[in-house]
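Secondary and tertiary structure notes
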Amino acid sequence: MNSPIRGALFDPTFGAGELSTLLSDRAWVTAMVEVEAALARAEGKCGVIPTTSADTISSLFGRLVAEGTIDVGDLGEAAAAGGNPVIPLVKLLRTELAAADPAVPGSHVHKGATSQDILDTALVLLARRAGAHVLALLDEALVCAEALARAQRTTPIAGRTLGQQALPTTFGVLAAGWMTALHRASRNLDDALIDLPVQLGGAAGTSAALYPHGIEVADALADELGLPRQDVPWHTDRTRIAILASALGTAAGAVSKIATDIVFLSATEIGEVSEGTPGGSSAMPHKRNPVAAIAARAGARRVPGLVATVLASMDHEQQRAAGAWHAEWETVTDLLRLTGGAVARIADCLGDLEVHPGAMARNLDLTGGLLLAERVTGALSTRTHNARDLVTAACRTGRPLDEDPALLEHLEAHEIRALLDPAGYLGHAHDIVDRALDTVTRGREGTR
């Protein structure tokens, strides 16, 4: 029986897609080997090792990556003894080098680096690659929300607070709120990813083994990998990782809010929206479940705990953490996979969301105009001192306000009906949608 691929059963449901490959165990190994190869090239350029050694190492390691010949399972088993996979990986790479070209010393591999340099830089590579994919998905979801905001800007819908109908708004205003949240989350994540640099500090963060070329090699390594240069080694300064985790958590939260709204609005009794390709039930043929929103919500709900793990692991002691650093590896990759998957599923949901204005109008009528009772109170207050009490009492009777005797003593029925027309009272709904669209447009143009 074939061994299952990690995530093969549930990743499709939760939208991981390409992220499953970008954040796989194989991707981790590939990134670590890429860092080791780039380190050799950087050291060759800086005169730390001969350029012939650097060329041989880079070519060999590139071939190992391309052929995928490193057994990830065996590497994982061997990693248990030293507590991280870099230790057995370096041993394996030196063995491969000795077999390929005995003239190149094994000491030219991993020279002056420590395991954390390789793992942290590999994590940065994975995060930036996967993060770019998450950003693309956020943009896809944002575009779908933007289309809804434009198309439904004048569609009246009951605003709901504390689970009850409040005042009328428009579906366009709701979608505009989704859009701006996605926009802000995307910008935060982009900023966090841009700030992830190379890591090279050696055994205790001083690059002593590479003196006097340590800083030069670190900069060259960053250039080789297309990463920002580090200011100083950040072995135990985990603020960048924490900011990344927080940005991912914020994006997941923005997605979860949208998914929660859609699940509610899709309920049989509400029926104001529905997914274009709803899911069924194994037991109930009539079900039309908003599965994309449900999956997005489920994935997003797992994210805050992972963010908390990263934040709780920031107290890296002295020059190398015993456990706090190790806790980050899978946590950060899970954060990227789950957040990206949640964004992918909400993009699917928004992309084919069906809006039902008739149901929205029907639900607005359920209160008999009570959503705009405050307008009646305002008009009535110019004619009697106890306007609020009169309108409150009228609302409690359940009869239409334009038929309430106490109100009709002060206002004509046609005046009350005009006050209760939601089409004539949507506040700044249009302005809100316009401002939201302008915010996103300026964001695309690079201005804030």
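As a starting point, this report considers the structure included with it. (Residues numbered from 1 in each chain as written. Predicted model: local features only at pLDDT ≥ 70, side-chain atom pairs only at ≥ 80, totals over all residues. Heavy atoms only, no water.)

1. Some points on the overall build of the chain
Applicable threshold: Think of it this way: any DSSP run of H or I at least four residues long counts as a helix, any run of E at least two long counts as a strand, and we number them from the N terminus. Note that the radius of gyration is over C-alpha atoms, with the globule rule given as 2.2 Å times the number of residues to the power 0.38. Three exposure classes are used, based on accessible area relative to the maximum for each residue type with a 1.4 Å probe and protein chains only: buried under 20%, partly exposed in between, and exposed over 50%. Should any heavy atoms of two residues lie within 4.5 Å, those residues are considered in contact. Shrake-Rupley sampling with a 1.4 Å probe provides the accessible areas, and residues are treated as covered by the protein chains on show and by no other component.
Scanning the chain for helices and strands turns up 18 helices and 4 strands. Relative to the 2.2 N^0.38 estimate, which gives 22 Å for 448 residues, the radius of gyration of the chain is 29 Å and therefore markedly larger than a compact globule would have. Dimensions along the principal axes, computed over C-alpha positions, put the chain at roughly 105 × 50 × 35 Å. Each of the 448 residues in the chain was classed as buried or not, and the buried ones make up 48%. Considering only residue pairs separated by 6 or more positions, the chain has 78% of its internal contacts joining residues 24 or more positions apart. For the chain, the accessible surface area stands at approximately 20800 Å², while carbon and sulfur atoms represent 55% of it.

2. Section: the pattern of salt bridges
Worth spelling out the cut-off: Whenever a carboxyl oxygen of Asp or Glu lies within 4 Å of a side-chain nitrogen of Lys or Arg, that contact is scored as a salt bridge.
In the structure shown here, the tally under the stated rule is 21 salt bridges. In this structure, Arg238 and Asp120 form a salt bridge, with 3.0 Å as the shortest nitrogen-oxygen distance. Note that Arg238 is positioned in the loop between helix H8 (214-225) and helix H9 (239-265) and Asp120 in helix H6 (residues 115-151), a separation of 118 residues in sequence. Given a relative accessible area of 2%, Arg238 falls into the buried group. Between Asp219 and Arg229 there is a salt bridge; the shortest N-O distance is 3.6 Å. Here Asp219, found in helix H8, pairs with Arg229, found in the loop between H8 and H9; they are 10 residues apart in sequence, far enough to count as distant.

3. Focus: the pairing of strand E2 (residues 164-170)
Operational definition: Two strands qualify as a pair provided that DSSP identifies no fewer than 2 bridges between them.
Inspection of the sheet shows strand E1 (residues 156-161) paired to E2 by 5 bridges, in the antiparallel sense. The residue of E2 that forms the bridge with Ala158 is Pro168.

4. Points about the packing of H6 against helix H7 (residues 171-194)
Heads up, the rule is: To obtain an axis, a line is fitted to C-alpha atoms, over the contacting stretch when the element is a helix, and the angle between two such axes runs from 0 to 180 degrees between their N-to-C directions. For classification purposes, an angle smaller than 35 degrees is called roughly parallel, one larger than 145 roughly antiparallel, one from 65 to 115 roughly perpendicular, and anything else oblique. Two helices crossing with the near one rotated counterclockwise from the far one by less than a right angle form a left-handed crossing, whereas a clockwise rotation gives a right-handed crossing. Just so you know the grouping, Ala, Val, Leu, Ile, Met, Phe, Trp, Tyr, Cys and Pro go in nonpolar, Asp, Glu, Lys and Arg go in charged, and all remaining residues, Gly too, go in polar.
Remark: H6 packs on H7, axes separated minimally by 8 Å, with the N-to-C direction vectors making an angle of 165°. Classified by the interaxial angle, the pair formed by H6 and H7 is roughly antiparallel. With respect to the hand of their crossing, H6 and H7 are arranged in left-handed fashion. Across the contact of H6 with H7, the residue classes tally to 19 nonpolar, 4 polar and 3 charged.

5. A few points about the environment of Glu275
To keep it simple, the criterion reads: Any pair of N or O atoms that falls within 3.5 Å is considered a polar contact. Within protein, one atom must be able to donate a hydrogen and the other to accept it, and sequence-neighbouring residues count only if both atoms are side-chain atoms.
Along the chain, the position of Glu275 falls in strand E3 (residues 273-275). Relative accessible area serves as the criterion here: at 6%, Glu275 is assigned to the buried category. Dropping the residues within four chain positions of it, Glu275 is found in contact with Asn289, Pro290, Val291, Ala292, Ala293, Cys349, Asp352 and Leu353. One polar contact links the side chain of Glu275 to the main-chain amide nitrogen of Val291, over a distance of 3.2 Å.

6. Some details on the environment of Gly341
By the secondary structure assignment, Gly341 is in helix H12 (residues 328-351). What makes Gly341 buried here is its relative accessible area of 0%. As for Gly341 and Ser20, which are separated by 321 residues in sequence, their C-alpha atoms are 9.4 Å apart.

7. Remarks on the nonpolar core
Heads up, the condition is: Each nonpolar core is a collection of buried residues, namely Ala, Val, Leu, Ile, Met, Phe, Trp, Tyr and Cys, held together in the definition by side-chain atoms within 4.5 Å.
In terms of nonpolar packing, the biggest core is built from 118 residues, with Phe61, Phe171, Trp178, Leu189, Leu244 and Ile262 touching the most fellow members. When residues of this core are assigned to their parent elements, the largest contribution, 19 residues, is made by H6. Setting aside residues no more than four positions away along its own chain, Phe61 makes contact with Val33, Glu36, Ala37, Leu93 and Val109. Ranked by size, the runner-up nonpolar core spans 14 residues in total, among them Leu380, Ala394, Leu407 and Leu411.

8. Observations regarding the packing of aromatic side chains
Put simply, the test is: Ring pairs shown here join Phe, Tyr and Trp side chains whose ring centres sit within 6.5 Å, with only the six-membered ring taken for Trp; geometry is labelled stacked below 30 degrees between planes, edge-to-face above 60, and tilted in between.
Applying the stated criterion across every chain, the model contains 2 aromatic pairs. Considering the side-chain rings of Phe171 and Trp178, the 5.7 Å spacing of their centres and the 90° angle between planes classify their relative orientation as edge-to-face. Relative accessible area serves as the criterion here: at 1%, Trp178 is assigned to the buried category.

9. Structural notes on helix H5 (residues 86-100)
Side chains three or four residues apart in an α-helix point the same way, a direct result of the helix having 3.6 residues per turn. Formally: Expected helix span is computed as 1.5 Å times (number of residues minus one).
The end-to-end C-alpha distance of H5, which contains 15 residues, comes to 21 Å, matching closely the 21 Å that a straight helix rising 1.5 Å per residue would cover. Of all the positions in H5, only Val86, Pro88, Leu89, Val90, Leu93 and Leu97 are classed as buried. On its buried face, H5 sits against helix H2 (25-45), helix H3 (51-67), helix H4 (72-82) and H6.

10. Observations regarding unusual backbone geometry
Along the chain, Tyr211 connects to Pro212 via a cis peptide bond; the corresponding omega equals 5°. With respect to the helices, strands and loops of the structure, Pro212 is situated in the loop between H7 and H8. Although it is not a glycine, His110 adopts a positive phi angle of roughly 70°. With respect to the helices, strands and loops of the structure, His110 is situated in the loop between H5 and H6. Note on His110: relative accessible area 14%, which makes it buried.

Function-wise, these values are silent; they only describe arrangement.
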